[in-house]
Amino acid sequence: MATLAVSRRADLTEAQWAVLEPLLPRGRRPGRPPKWTKRQLIDGIRWRARTGSPWRDVPSAYGPWQTVYGLFRRWQRDGTWRQVLTGLQARADAAGLITWDVSVDSTVARAHQHAAGARKRGMPRPSRPAG
């Protein structure tokens with residue numbers, strides 16, 4: 001299957017794809033090869049995440065929006081995205097690109113008692129109707 005020529009500025013570069021591709025699951029289904037490459041579909045997912053637009057607005061260059069969304073949800077449900085993230089973090093950590101410093105802030109901000117719904121002592125009771 002031929003690779004997609006990078007035509008949009010925010011799509012994965014060849015170097016990025018070379019790092020990402022080994023972390024992706026291999027297709028196990030026999031039969032007809034897929035019409036859309038994983039790279040196109042992932043670029044479609046990245047486009048949608050970057051723009052925040054509805055799935056139906058994913059450009060057709062990335063494949064039908066149903067296919068792009070289907071891959072996203074399938075990998076979300078089976079934990080593939082988590083495995084990809086873990087693999088990328090392990091690679092970056094081995095290269096010394098991640099600093100695992102932990103910063104703890106013990107600042108406490110307390111609201112005034114009246115802001116927290118406490119009983120208001122100074123408020124007069126509502127008057128009883130005369131009768």
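Residues numbered from 1 in each chain as written. Predicted model: local features only at pLDDT ≥ 70, side-chain atom pairs only at ≥ 80, totals over all residues. Heavy atoms only, no water.

S.K.: I'm lost on the overall build of the protein in this one. Help?
M.R.: For the protein, the count of helices and strands is four helices and zero strands. Going from N to C terminus, the protein has its helices and strands arranged as α-α-α-α. When each of the 131 residues of the protein is scored for burial, the buried share is 21%. Looking at the protein as shown, the accessible area adds up to about 10900 Å², and 52% of this sits on carbon and sulfur atoms. (Helix = DSSP H or I, 4+ residues; strand = E, 2+ residues; numbered from the N terminus. Buried < 20%, exposed > 50% of the residue type's maximum accessible area, 1.4 Å probe, protein only. Areas by Shrake-Rupley, 256 points an atom, 1.4 Å probe, with all protein chains shown as cover.)

S.K.: For this particular structure, what's the right way to read the packing of aromatic side chains?
M.R.: Each aromatic ring pair is characterised by the separation of its centres together with the angle its planes make. Taken as a whole, this structure holds four aromatic pairs when the rule is applied. Ring plane angle 40° and centroid distance 5.2 Å describe the contact between W55 and F72, whose orientation is recorded as tilted. Of this pair, W55 sits in the loop between α2 (38-51) and α3 (65-78) while F72 sits in helix α3, placing them 17 residues apart in sequence. Look at F72 and you get partly exposed, because its relative accessible area is 22%. Pairing W75 with W81 gives two aromatic rings, centres 5.2 Å apart and planes at 70°, and the pair type is edge-to-face. (Phe/Tyr/Trp six-rings, centres within 6.5 Å; stacked < 30°, edge-to-face > 60°.)

S.K.: Is there a simple way to think about the pattern of salt bridges in this case?
M.R.: A side chain with one charge can pair with a side chain of the opposite charge if their charged atoms come near. On inspection of all chains with the given rule, the structure shows two salt bridges. Put simply, R39 and E14 hold a salt bridge, and the shortest N to O gap is 3.2 Å. One end of the pair, R39, is in helix α2; the other, E14, is in helix α1 (residues 14-20), with 25 residues separating them in the sequence. Note on R39: relative accessible area 3%, which makes it buried. Accessibility expressed as a relative area gives 47% for E14, which makes it partly exposed. R46 serves as the salt-bridge partner of D43, at 3.6 Å between the closest nitrogen and oxygen. Highlighted residues: D43 and R46, both in helix α2, separated by three residues, approximately one helical turn. With a relative accessible area of 30%, R46 lands in the partly exposed category. (Salt bridge = Lys/Arg side-chain N within 4 Å of Asp/Glu carboxyl O.)

S.K.: Any chance you could explain α2 here in plain terms?
M.R.: Working note: α-helix, 3.6 residues per turn, so residues spaced by three or four point in the same direction. The terminal C-alpha atoms of α2, which comprises 14 residues, lie 20 Å apart, in line with the 20 Å expected from a rise of 1.5 Å per residue. If you follow the buried residues of α2, they end up packed against α1, α3 and α4 (80-94). (Expected span 1.5 Å × (residues − 1). Contact = heavy atoms within 4.5 Å.)

S.K.: When you look at the confidence of the model for the protein in this model, what are you seeing that I'm missing?
M.R.: Low-pLDDT portions of the prediction should not be read for the details of their coordinates. Mean pLDDT over the protein: 85, with 82% of residues reaching 70 or higher. The element-level mean pLDDT for the protein is lowest in α1, coming to 94, with α3 highest at 96. (pLDDT = per-residue confidence, 0-100.)

S.K.: Please clarify how the side chain of D11 should be interpreted in this entry.
M.R.: Locating D11 in the fold gives a position in the segment before α1. There is a polar contact of 2.7 Å between the side chain of D11 and the side chain of Y62. (Polar contact = N/O pair within 3.5 Å; in protein donor to acceptor, adjacent residues only side chain to side chain.)

S.K.: How do you make sense of the environment of A61 when you look at a structure like this?
M.R.: Tracing the backbone through its elements, the reader meets A61 in the loop between α2 and α3. Since its relative accessible area comes to 34%, A61 is described here as partly exposed. Distance from A61 to D43, taken between C-alpha atoms, is 9.6 Å for residues 18 residues apart in sequence. Beyond its immediate sequence surroundings of up to four residues, A61 is in contact with R8, W36 and Q40.

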